[in-house]
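Read off the chains here:
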Amino acid sequence: MRKIILDLCSLEKTDSFARKISAHLFPGAILLFWGSMGTGKTTFAKSICAGLGVLPEIVGSPTYTLVNIYPGDRTVFHVDLYRLNDPEELDDFDREDLITDEGVTLVEWPQYLLNYLSDEPVLNLEFETISENQRRLILESESSNFDILFKTLEQENLTLQKTTNPLSRVGK
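Residues numbered from 1 in each chain as written. Predicted model: local features only at pLDDT ≥ 70, side-chain atom pairs only at ≥ 80, totals over all residues. Heavy atoms only, no water.

A.B. asks: So what about the packing of aromatic side chains? Which residues, and what values?
C.D. replies: Following the criterion strictly, the structure yields six aromatic pairs and no others. Relative to Phe-127, the ring of Phe-44 has its centre 5.3 Å away and its plane inclined at 70 degrees; by these criteria the two rings are edge-to-face. Of this pair, Phe-44 sits in helix 2 (residues 41–51) while Phe-127 sits in strand 6 (residues 122–131); the two residues are 83 residues apart in sequence, bridging distant segments of the chain. A relative accessible area of 0% means that Phe-44 is categorised as buried. An angle of 55 degrees between the planes, with centres 4.9 Å apart, marks the rings of Tyr-82 and Trp-109 as tilted. Of this pair, Tyr-82 sits in the loop between strand 4 (76–80) and helix 3 (95–98) while Trp-109 sits in the loop between strand 5 (104–108) and strand 6, and the two are 27 residues apart along the sequence. Here Trp-109 falls in the buried class, since its relative accessible area comes to 18%. Put simply, the rings of Phe-17, Phe-33, Phe-44 and Phe-127 touch in pairs and so form one group of aromatic residues. (Phe/Tyr/Trp six-rings, centres within 6.5 Å; stacked < 30°, edge-to-face > 60°. Helix = DSSP H or I, 4+ residues; strand = E, 2+ residues; numbered from the N terminus. Buried < 20%, exposed > 50% of the residue type's maximum accessible area, 1.4 Å probe, protein only.)

Okay, structure coming up:
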């Protein structure tokens, strides 16, 4: 398990960091966004999409549609499961309706999607509000597919803390 904790102290730094992550994403990558309402999950998703060649103005929260699909350098599935009350509400969906193997999948409020995942490359991102303009971001993965991302971040000294203790999230 690899884990990095960092603080993002402005929207500009958040945008820059999300675009840096997008440069290390690959077909089949799944990013799970954890955190309370208002911690910046959708804003971060918008910046990742921009880094993947998606026009930022077409990216919005798919809270009412569950899934938005964006064309770009890689197709992005942006999933938001906030409005679900029960995992059975996903029973009418096939896996392919929610997760793309050819592009990148971003999932906000992912707790009900965990049953759809097995050995996929998953990067967990946990968002915490520190202050009005500052967020703490915890990145964690068990997948070796993200090793280059973690090594790059460590080399650029962007980390506040490196540890091998898991947060009990999915991450194969």
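Still to come is the rest of the account.
A.B. asks: Give me the pattern of salt bridges: which residues, what numbers.
C.D. replies: The tally for this structure, following the rule as stated, stands at six salt bridges. Put simply, Arg-2 and Glu-154 hold a salt bridge, and the shortest N to O gap is 3.0 Å. Taken together, the residues Arg-2 in strand 1 (residues 2–8) and Glu-154 in helix 4 (residues 147–155) connect sequence positions 152 residues apart. Classification of Glu-154 by relative accessible area gives partly exposed; the value is 22%. Two residues, Glu-120 and Arg-95, come together in a salt bridge whose shortest N-O distance is 2.5 Å. With a gap of 25 residues between them, Glu-120 in the loop between strand 5 and strand 6 and Arg-95 in helix 3 connect regions that are remote in the sequence. What makes Glu-120 buried here is its relative accessible area of 12%. By sharing partners, the salt bridges in this structure join Arg-2, Asp-147 and Glu-154 into a single network. (Salt bridge = Lys/Arg side-chain N within 4 Å of Asp/Glu carboxyl O.)

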